[in-house]
Amino acid sequence: MQPVSQTTGSSAPEITAALRHARLVDAVLARLQTRPDLWVNHKIAHSVECLEPTLASAGNLIQQDGSIAASPAATAAVLLNSNTTHPEALMYLRRFSDGDGGAPNIAPIDLFEIIWSINVLRQAGAIQPHHAEVRRALDYNWKYWHPFHGQSPSSALNVPDLDDTATAFLVLKWAGYPATPAVFAPNEQDDHFKCFPEESDPSLSANIRLLVALKSQPDYPQSGPWIKKILAFIYNY
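Quick caveat, the model's predicted, so the values are computed rather than measured.

Calculation notes
Residues numbered from 1 in each chain as written. Predicted model: local features only at pLDDT ≥ 70, side-chain atom pairs only at ≥ 80, totals over all residues. Heavy atoms only, no water. Helix = DSSP H or I, 4+ residues; strand = E, 2+ residues; numbered from the N terminus. Buried < 20%, exposed > 50% of the residue type's maximum accessible area, 1.4 Å probe, protein only. Core = buried A, V, L, I, M, F, W, Y, C linked by side-chain atoms within 4.5 Å. Contact = heavy atoms within 4.5 Å. Expected span 1.5 Å × (residues − 1). Arc of directions from axis to C-beta.

Asker: Is there a simple way to think about unusual backbone geometry in this case?
Answerer: With an omega dihedral of -5°, the bond running from Ala107 to Pro108 counts as a cis peptide bond. Within the secondary structure, Pro108 sits in the loop between α4 (87-96) and α5 (110-123). In this structure, Ala69 takes a positive phi of about 50° despite not being glycine. With respect to the helices and strands, Ala69 occurs in the loop between α2 (12-34) and α3 (72-81). Taking relative accessible area as the criterion, Ala69 reaches 2% and is therefore assigned buried. A positive phi angle is found at Ala70, which is not glycine, with a value near 60°. Relative to the helices and strands, Ala70 is located in the loop between α2 and α3. The class for Ala70 is buried, based on a relative accessible area of 0%.

Structure (structure tokens):
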């Protein structure tokens, strides 16, 4: 009898990683099954279209803007599998659908557009913090910044991530907003910083962006130890 690794064409490490990921997903779903109130603030809600058996009862995840975790795909899946009419969800899909029926993977993506665009322009020296449009955009972004959790890419997604938080931190500090590096503390793990809660695979790019953010704050007491941890993670990745 052939080993599974030979019959699937996958190596043993790949199978081990896949099984570890599957177990983590099962554990998350088991916990969420007993605490449906946690779904709205969990990244897995953004991909609820993958959980077809539960779609019929997923209508309670629809938010005020009509979306499920700012995901057109998740929202459409619930509409297609629900016995209940959800006019606010249909309005949301119409709002963000293209003429050919396509839709972005996340909508709105307003906070992402602000911080990542301004960060590139900032690095290029093309803008200054006092510019009226820059200030207007960052004032809007600041409304969704949480001092202990950071932010997500969307005003309709209450699931902060390290990638967007680190980039937003750089931009906000540059513009004089009172963000502090303490916002990164909840993401710290034994040998890296997590991008999302309960993720199964660490993000190299998110750790690199955090490294850049921390290097801009040399006087913060934890910057040194955190930078060493990230550099070791990158070296061993």
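Asker: Whenever I open this one, the nonpolar core confuses me. Can you help?
Answerer: General note: in soluble globular proteins, nonpolar side chains tend to be found buried as a group. Counting 30 residues, the largest nonpolar core has Ile118, Leu138 and Phe184 as its most contacted members. Of all the elements in the fold, those that place two or more residues in this core are α5, α6 (132-142), α7 (162-174), α8 (204-215) and α9 (223-236). Other than its neighbours up to four places away in sequence, Ile118 contacts Ile127, Val134, Ala137, Leu138, Val171 and Trp174. Counting residues in each nonpolar core, the second largest holds 16 residues, with Ile62, Ala89, Leu157 and Val159 among its members.

Asker: How should α8 be read in this particular structure?
Answerer: Three- or four-residue spacings in an α-helix give side chains the same orientation, since the helix completes a turn every 3.6 residues. The end-to-end C-alpha separation of α8 is 17 Å, in line with the 16 Å expected for 12 residues at 1.5 Å each. Restricting attention to buried positions, one finds in α8 the residues Ala206, Asn207, Leu210, Leu211, Ala213 and Leu214. Burial along α8 is one-sided: seen end-on, the buried residues are contained in an arc of 165°. Residues of α8 that are buried make contact with α7 and α9.

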